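Here's the letter readout for the chains.
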Amino acid sequence: MYTSMSDCLIKTIRSEGYFGMYRGAAVNLTLVTPEKAIKLAANDFFRHHLSKDGKKLTLLREMLAGCGAGTCQVIVTTPMEMLKIQLQDAGRIAAQKKLMAAQAQLSSTSAAGAAEPVVETRTTATQITRELLRSKGIAGLYKGLGATLLRDVPFSIVYFPLFANLNKLGQKDPNVKAPFYVSFLSGCVAGSTAAVAVNPCDVIKTRLQSLQRGVNEDTYSGILDCTKKIWQKEGPMAFLKGAYCRALVIAPLFGIAQVVYFIGIAEFLLDMLPKHRA
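Residues numbered from 1 in each chain as written. Predicted model: local features only at pLDDT ≥ 70, side-chain atom pairs only at ≥ 80, totals over all residues. Heavy atoms only, no water.

A. Region of the structure containing the packing of helix α5 (residues 145-168) against helix α7 (residues 199-209). Running from N to C, α5 and α7 point in directions that differ by 160°, and their axes come no closer than 9 Å. Taken together, α5 and α7 sit at an angle that is classed as roughly antiparallel. Remark: the crossing between α5 and α7 carries left-handed chirality. Taken together, the residues of α7 that come into contact with α5 (itself represented by A147, T148, L150 and R151) are C201, D202, K205, L208 and Q209. Its residues placed into classes, the contact of α5 with α7 shows 4 nonpolar, 2 polar and 3 charged. (Axes fitted to C-alpha atoms, helices over the stretch in contact; angles between N-to-C directions. Helix = DSSP H or I, 4+ residues; strand = E, 2+ residues; numbered from the N terminus. Parallel < 35°, antiparallel > 145°, perpendicular 65-115°, else oblique. Left-handed = near helix turned anticlockwise from the far one by under 90°. Contact = heavy atoms within 4.5 Å. Nonpolar A, V, L, I, M, F, W, Y, C, P; charged D, E, K, R; others polar.)

B. The arrangement of the nonpolar core in detail. Ranked by internal contacts, the top residues of the largest apolar core, which has 14 residues, are F155, Y159, F160, I250 and F254. Taken together, the elements giving at least two residues each to this core come down to α2 (25-50), α5, α6 (180-197) and α9 (243-263). It is α5 that contributes the most residues to this core, 4 residues altogether. When sequence neighbours within four positions are dropped, the list of residues in contact with I250 reads F155, G191, S192 and A195. (Core = buried A, V, L, I, M, F, W, Y, C linked by side-chain atoms within 4.5 Å. Buried < 20%, exposed > 50% of the residue type's maximum accessible area, 1.4 Å probe, protein only.)

C. Summary view of the packing of α5 against α9. Put simply, α5 and α9 touch, their axes get as near as 13 Å, and they point 55° apart. Between α5 and α9, the angle falls in the class oblique. At the point where α5 passes α9, the crossing takes the right-handed sense. The residues of α9 that touch α5, namely those facing R151, F155, Y159, F160, F163 and N167, are R246, I250, F254, Q258 and F262. Here the residues of the contact of α5 with α9 are counted per class, giving 7 nonpolar, 2 polar and 2 charged.

Here is the structure:
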């Protein structure tokens, strides 16, 4: 449907307006904070327990800590991605139906009676959540869990060791934190690198979690079936679709998240809360 990022941008604005670019933003705003909090805190937890002997963490142990963090975060990530994809797909499918109805109307101008216009109904995250819970239970929100693990675990395995080692380069003393801009740049570089590295897994996950299909779009029975069909019909380069766009989003997201986490804003806010006496 889209040939490039700019083509997608132009077509989306034409069919859905400027705010069509923000479909699914409410879900992201609601769940991205707990998702990143779980991810960063879990990584620190596993790093602490893997370095109990007082020795410096080896690369393998850093990767194991990242693996644990990626596994923990899917509790929030899977339903967040599931809802976001459905909201974004709703606009795409509605635009496709509109186009098909217009074409059908033009081709049937000689026929008696006009074709019925397509009535667009705006879908909300609450409606999708209720429908999924009603029809499939809590498992409905976790469709594509395996594919999400396949993406987020390798992402964390790449991201956290890379970030830690890049951040160390800005530390003048091992006992002193690196300046905030070093943490920001390290988060940006590590985030964009990891995002591109696992983009094939993200493509597979997105296809599996998409419940609505457009015209001539395939259905998939699982990860292997999805991988096989994409490879056969679209070629290996299809697994890198959206890599550039994803890197542009992930880089500042993780840069900002790491700065907030390293500065200790959460600890500062918690210290402001009234403490209970023992």
